[in-house]
Amino acid sequence: MKRLGSRRARGLAAVVALGLLTFPAAAAANTSEPIAQTGGMMTTLPLLGTTLTVDVTLDPVGNISGVTLTPVGDFASTTTEPGIVKFANTAGTTKVTVRAKGDRLSISAKSAALADFVGAGTWSADVFGTNADSTVPYTIGADGSGSPTLSIGTPTTPDPSITWELKPPSTDADDDGDASASGGVIFAHDGFTKRLKISIEVDQEDGTAHLKITLSGKDRQKLTAAPGVLAGARTWSAHLCDGTAVAVNYTVGADGTVTFDSATGGTVTVKTSDHGIHVRFDGTKVGVKIRVRTNEDGTSTLVVKGSSGKCGDAEDSDSHDGDAEDSDSHDGDAEKSDSHDD
């Protein structure tokens with residue numbers, strides 16, 4: 001875990017001052033390692049005619065260790081658990097929810113009208129744990145019919161090794177007349193991918209509006225190069241649910257073979273095949289599958305599929321046994337399953 005920088009220190013200081021949350025490294029980790037790796041994220045929300053900053057801090061295994069609202073105003077916490085924290089204003093008309101679940105960390109807000117969200121905001125996080133915060137500006141508006149609009153500005157990534165692709169916002173309306181606008185950014189670094197999605201939705205029946213910002217990313221690495229370029233000693237690292245750091249050391253041969261070298265942090269069971277290795281830390285759901293495949297154009301691809309943060313039932317559906325997950329898309333309807341339970 002590289003996330004030891006300024007955001008963690010600032011977030012914890014604010015949490016102590018406000019007395020909102022303090023959690024030990026819990027045994028029931030809620031997020032996967034790639035999300036825990038960020039250490040959290042911060043978003044400024046255009047809300048109720050002003051700007052509300054929501055600063056989320058995660059512990060090393062991905063539980064929510066702190067949430068700070070600035071200014072806190074008349075918001076008070078209504079739920080404080082390792083995987084979900086909720087706030088509501090005194091009137092109960094506006095709610096803010098933070099969730100750390102599976103391969104996602106989200107900040108959402110729900111209020112009485114779209115007008116409550118019109119304005120500009122920003123999102124930032126140390127996306128790949130490189131001690132460099134990437135920032136994305138966005139603006140929410142309303143068209144003449146009362147439907148939401150969304151624009152996303154140019155992302156800033158101080159680390160030159162991090163690349164990004166903007167997913168231009170699009171608008172939609174369902175059969176009930178609920179209107180929405182959503183877009184995002186795809187970040188990439190060293191064969192890893194993470195996705196930021198920003199969406200604003202209006203319920204045409206009662207006029208309530210829902211803003212949601214989600215960062216998602218799985219422990220999947222894919223590196224493609226000419227034969228032999230990927231050869232050498234490599235390491236995959238993660239944490240057990242109790243916070244113990246673990247690692248698997250392996251070697252990629254010039255011929256594309258993968259050899260297990262050693263493991264730290266616990267005892268492991270190793271399975272080998274012609275296609276690679278599968279290493280599992282005994283008594284846990286933490287492990288990794290590693291293989292090298294040859295492509296039609298003659299290049300080779302190193303595929304590393306890690307399994308971490310799998311400490312609760314919420315993670316059980318995340319199978320690591322096939323290649324179907326290589327597409328790993330979070331830009332579709334999968335995001336909508338928990339969008340209305342705040």
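Keep in mind that this is a model prediction, so the values were computed, not measured.

**Details of the overall build of the protein**
So, point 1. Helix and strand counts for the protein come out as 2 helices and 22 strands.
So, point 2. Residues classed as buried in the protein amount to 48% of the 342 residues present.
So, point 3. Sequence separation of at least 24 residues holds for 52% of the intrachain contacts in the protein that already meet a minimum separation of 6.
So, point 4. For the protein, the accessible area works out to roughly 14,600 Å², and carbon and sulfur atoms hold 52% of it.

**Here we look at the nonpolar core**
So, point 1. Among the nonpolar cores identified, the biggest contains 43 residues, and V54, V56, W123, Y138, F187, L196 and I200 are the most heavily contacted of them.
So, point 2. In terms of nonpolar packing, the next biggest core, distinct from the first, is built from 20 residues, L230, W236, Y250 and V286 among them.

**Here we look at the confidence of the model for the protein**
So, point 1. The predicted model of the protein averages 85 in pLDDT, with 82% of residues at 70 or higher.
So, point 2. Every residue in residues 313-341 is under pLDDT 50, and counting partners more than four places away or in other chains gives 64 contacts.

**A short note on the pattern of salt bridges**
So, point 1. In this structure the tally under the stated criterion is 1 salt bridge.
So, point 2. Where D103 meets R104, a salt bridge forms, and the shortest distance between an N and an O atom there is 3.6 Å. Considered together, D103 and R104 belong to a single accessibility category, that of buried residues.

**A closer look at the sheet that holds strand β16 (residues 232-239)**
So, point 1. Read from one edge to the other, the open sheet built from 3 strands follows the order β16-β17-β18, with strand pairing classed as antiparallel. Strand pairing shows two members of the sheet lacking a second neighbour, β16 and β18 (258-264), which therefore form its edges. The mean inter-strand angle of the sheet, taken between neighbouring strand axes irrespective of direction, is 20°.
So, point 2. In the sheet, β16 pairs with strand β17 (residues 245-252) via 8 bridges, with the strands oriented antiparallel. The residue of β17 that forms the bridge with G232 is V252.

**Looking at the environment of A225**
So, point 1. Position of A225 among the secondary structure elements: in strand β15 (residues 220-225).
So, point 2. The class for A225 is buried, based on a relative accessible area of 15%.
So, point 3. The sequence separation of A225 and S300 amounts to 75 residues, and the corresponding C-alpha distance is 5.6 Å.
So, point 4. The contact partners of A225, leaving out residues within four places of it in the chain, are L230, T299 and S300.

Rules of the game
- Residues numbered from 1 in each chain as written.
- Predicted model: local features only at pLDDT ≥ 70, side-chain atom pairs only at ≥ 80, totals over all residues.
- Heavy atoms only, no water.
- Helix = DSSP H or I, 4+ residues; strand = E, 2+ residues; numbered from the N terminus.
- Buried < 20%, exposed > 50% of the residue type's maximum accessible area, 1.4 Å probe, protein only.
- Contact = heavy atoms within 4.5 Å.
- Areas by Shrake-Rupley, 256 points an atom, 1.4 Å probe, with all protein chains shown as cover.
- Core = buried A, V, L, I, M, F, W, Y, C linked by side-chain atoms within 4.5 Å.
- pLDDT = per-residue confidence, 0-100.
- Salt bridge = Lys/Arg side-chain N within 4 Å of Asp/Glu carboxyl O.
- Pairing = 2+ DSSP bridges.
- Axes fitted to C-alpha atoms, helices over the stretch in contact; angles between N-to-C directions.

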